2 protein chains.
Amino acid sequence: MKVLVVDDDRVLADLLAFTLRREGFEVILAFDGAAAIQKWQAESPDVILLDLNLPKVDGFAVCQRVRAAEDTPIIILTVRDEEEDIVQGLDLGADDYIQKPFSPRQLVARILAVLRRAGKTPTPIVPKVGQFTLDRSRRLLQIDSGTVISLTPLETRLMSQFMIHAGQILATESIIDHVWGVQGADRDMVRQLVRRLRRKLEPDPANPIYIETVSGHGYGMVRPDSQQP
Amino acid sequence: MKVLVVDDDRVLADLLAFTLRREGFEVILAFDGAAAIQKWQAESPDVILLDLNLPKVDGFAVCQRVRAAEDTPIIILTVRDEEEDIVQGLDLGADDYIQKPFSPRQLVARILAVLRRAGKTPTPIVPKVGQFTLDRSRRLLQIDSGTVISLTPLETRLMSQFMIHAGQILATESIIDHVWGVQGADRDMVRQLVRRLRRKLEPDPANPIYIETVSGHGYGMVRPDSQQP
DNA sequence: CAGCCTTGTCACAAGGCTGTCACACGCTTT
DNA sequence: AAAGCGTGTGACAGCCTTGTGACAAGGCTG
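Predicted model only: the values in this text are computed from it and were never measured.

1. Considerations on the protein's contact with DNA strand D
Consideration 1: Around DNA strand D, the structure places 21 residues, and the nearest of them are Arg191(A), Gln192(A), Gly216(A), Arg191(B) and Thr213(B).
Consideration 2: Thr213(A) is positioned such that a nitrogen or oxygen atom in its side chain is 2.7 Å from a phosphate oxygen of DNA strand D.
Consideration 3: Counting only elements with at least two residues in the surface near DNA strand D, the list comes to helix H8 (187-201) of chain A together with helix H8 (187-201) of chain B.
Consideration 4: For the surface near DNA strand D, the residue count by class is five nonpolar, eight polar and eight charged.

See the structure below:
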C-alpha cells in the first residue's frame, strides 16, 4: 500500500513518513506541488496526503490535476481556521481531511477508512508471512500456527519491518529509521534488539534460521520459499 | 441519528455536514432561521446545531420557537467574545454551546454528550456478548446468566465499549474519548476505572481473564471464542 | 444534615523494557 | 603474528508503566 505524502514542512513530512512506514505503508515524499505531480505520475500511489499550502504549485492545483486524470484518493492536511480551504479542497474532489495537530492513530484510521471507501483492499496489514503471524495491536507473534510469544514494542516494530520486507536485507540505518524514528539509535541498540528478538523466536539463537546477518550491512528475514536453493 | 445544522456560512455548514456524515450522522442543512424552523418541523432531528447570527429569523428566535414546542436538544455555535450571546442562548433553553474554531473531535463529543443527557441512546444497544449481558439503562451486568452486578455510569460506558469492540484492543485515548467524552481524562483515571471494573467482574482481579492489558497501548475484552486455542 | 456512592488524585511497589558496558570470537588487514 | 573491526553474548541499571491501596471532594438520597 503506497502513500504519497506532500508537505513543504520537512520535519512534519519526515514524521508522517515514519509513522506510516511503521504501520506498514510504503511512503513517497514530495515537498512542493511540482514534485508531487511528478511523483504521483511516476509511482501511482494508492492514496495522497496533501498539504494545501505548497510552494510552486499549490495544493488545490495538485488536487485538480490528479482528479482530472484519476481517482486516487486524496486526504487534505490543514491547520485549524482554514475551513474555507477544507471545503474548497473537498469541492475539488478530495476525499477527506484531517486537521493538524493529529495523532498517528487518527491519521492511520483516516487513511484506512478512505482506502476502504475507495474499494482498495481493506488492507490486511502484515498479519501473516511464511510461518509467522503478527498481531500488532496485542504484540503477539504466532509461529507455525503453534507457539505464541509476546513481543515488546520495539520488537514488534522490528518484526513488522522484517515481515514487510521478507527476503530482503535491511540496512542498519534503515532499521533505525523505521523502528526508532526521529529519536534515533546506534548500532549497539540494533544489535541488542535483534539479539532479543532472535532469543524469542529462533529455535537455536546461536544458529539463527529466520533472521540472517549480513556483516557490515544489516539484517533480514529469510523468505519461507527462498529456503530451498 | 439525525442532526439539523443551521448556519448562514455555507462553507462552514458544508464542512460540518461532511464531518458529521463521516462520523455516521444523518445531516440536514438550513441557512437561515426560517428554513431552520421549517426543516425542524419536517424532519424532526435528534439534535440541532445552531448558529445565533442568522438572517430572517435569528438564532434566539429559533431557539425559543423550538423550545416552546419540543425539547429537541440544541447546541449553539458561536465565535469567541460572544459570551453574552452564549448566556442568552443557554437561558433560552439551549443545552450546550461550542466555540469556533473547534475540532471535529470536540464537536462529535459534545453532540454525543448532549444526546446522552437527553436520553437518546447515541450508541447501538449491545445487550449480549459472550457471557455478558449489559442493561445500560439500569446499569446492570449479568455474567453467565447467573450473577448480576451493578455498575457505575462510567463503568457502564467502559463495559459497553469493551463489548462493542470485543476481541479488539482499545487504545487508552480511544477509551477516554468514548467514556469521558468532552470532559476528557488522563491515564490514571483510565487505570482506576479498569481496576474498579475488574474488581467487580473478574473472578480473580489479580489475574484477569476477561479484560486484558497491552502495556503502553490500552485494554481490551477477550472474545469468548478466542478462549479456546 | 448525615451518610453513602462515585470519582479523581496521590504515593508506592513490582516488573518489564531498553540503553549501556564489557568481553569473547572470527575475520581481515598490516 | 598482531592488531583492528564487526558481531554475538551476558549482565546490569535506570526509566517507565501497571497494579494497588488509600484518601478526599462532590453529588445524591434518605
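That was the structure; now back to the text.
2. Quick notes on the protein's contact with DNA strand C
Consideration 1: In the vicinity of DNA strand C, 18 residues are found, and the nearest of them are Thr152(A), Trp180(A), Arg196(A), Thr152(B) and Arg196(B).
Consideration 2: Sugar and phosphate atoms form 62% of the subset of DNA strand C atoms that lie within 4 Å of the protein.
Consideration 3: Leu154(A) places a main-chain nitrogen or oxygen 3.3 Å from a phosphate oxygen of DNA strand C.
Consideration 4: Of all the elements in the fold, those that place two or more residues in the surface near DNA strand C are helix H6 (153-164) and H8 of chain A together with helix H6 (153-164) and H8 of chain B.
Consideration 5: Looking at the surface near DNA strand C residue by residue, the class counts come to eight nonpolar, six polar and four charged.

3. Considering the pairing of strand E4 (residues 74-79) of chain B
Residue and element names in this part refer to chain B.
Consideration 1: Of all six residues in E4, five are buried, a share of seventy percent or more.
Consideration 2: When strand E3 (residues 47-51) meets E4, the two strands line up parallel, connected through four bridges. The partner of Asp51 across the bridge, within E4, is Leu77.
Consideration 3: A crossover links E3 with its parallel partner E4, the connecting element being helix H3 (residues 59-69), and its sense is right-handed.
Consideration 4: Looking at chain direction, E4 and strand E5 (residues 96-100) are connected through five bridges and run parallel. Of the residues in E5, the one forming a bridge with Ile75 is Asp96.

4. Describing the interface of chain A and chain B
Consideration 1: Contact residues are listed per partner, giving 17 residues for chain A and 22 residues for chain B.
Consideration 2: Both sides together, the interface formed by chain A and chain B hides about 1,700 Å², and carbon and sulfur atoms give 54% of it.
Consideration 3: Taken as a group, Tyr97(A), Arg105(A) and Arg138(A) account for 32% of the area that chain A buries against chain B, more than any other trio of residues on that side.
Consideration 4: Among the salt bridges present, the one from Arg110(A) reaches Glu23(B), with a minimum N-O distance of 3.8 Å.
Consideration 5: Viewed at the interface, chain B and chain A are joined by nine residue pairs in polar contact (both at pLDDT 80 or more).
Consideration 6: With five residues, the single largest contributor to the side of chain A that touches chain B is helix H4 (residues 83-91) of chain A.

5. Quick look at the sheet that holds strand E10 (residues 169-171) of chain B
All names here are of chain B.
Consideration 1: If you walk across this open sheet you meet the three strands as E10-E12-E11, and the pairing is antiparallel. Among the strands making up the open sheet, the edge pair consists of E10 and strand E11 (211-214). The sheet shows a mean angle of 30 degrees between the axes of neighbouring strands, taken without regard to direction.
Consideration 2: With three bridges joining them, E10 and strand E12 (residues 218-221) adopt antiparallel strand pairing. Counterpart to Leu170 in the pairing with E12 is Tyr219.
Consideration 3: Its contacts with the sheet put H8 on E11 and E12, and the angle it makes with E11 is roughly 150 degrees.

6. Quick word on the side chain of Asp46(B)
Consideration 1: For Asp46(B), the position within the fold is in the loop between helix H2 (33-43) and E3.
Consideration 2: Apart from the residues within four sequence positions on either side, Asp46(B) is in contact with Met1(B), Lys2(B), Thr72(B), Pro73(B), Leu115(B) and Lys120(B).

7. Re unusual backbone geometry
Residue and element names in this part refer to chain A.
Consideration 1: Lys100 connects to Pro101 through a cis peptide bond whose omega is -5 degrees.
Consideration 2: Looking at the secondary structure, you find Pro101 in the loop between strand E5 (96-100) and helix H5 (104-117).
Consideration 3: Even without glycine at this site, Ser44 takes up a positive phi of about 45 degrees.
Consideration 4: Following the sequence through the fold, Ser44 ends up in the loop between helix H2 (33-43) and strand E3 (47-51).
Consideration 5: Not every positive phi belongs to a glycine, and Arg139 is a case in point at roughly 60 degrees.
Consideration 6: Its place among the elements puts Arg139 in the loop between strand E7 (132-135) and strand E8 (140-143).

Conventions and cut-offs
Residues numbered from 1 in each chain as written. Chains lettered and ligands numbered in written order. Predicted model: local features only at pLDDT ≥ 70, side-chain atom pairs only at ≥ 80, totals over all residues. Heavy atoms only, no water. Near = heavy atom within 4 Å. Polar contact = N/O pair within 3.5 Å; in protein donor to acceptor, adjacent residues only side chain to side chain. Helix = DSSP H or I, 4+ residues; strand = E, 2+ residues; numbered from the N terminus. Nonpolar A, V, L, I, M, F, W, Y, C, P; charged D, E, K, R; others polar. Buried < 20%, exposed > 50% of the residue type's maximum accessible area, 1.4 Å probe, protein only. Pairing = 2+ DSSP bridges. Right-handed = clockwise from strand over helix to strand, strands pointing away. Contact = heavy atoms within 4.5 Å. Buried area = accessible area lost by both parts, 1.4 Å probe. Salt bridge = Lys/Arg side-chain N within 4 Å of Asp/Glu carboxyl O. Axes fitted to C-alpha atoms, helices over the stretch in contact; angles between N-to-C directions.

The quantities given are spatial measurements derived from coordinates; they are silent on function.
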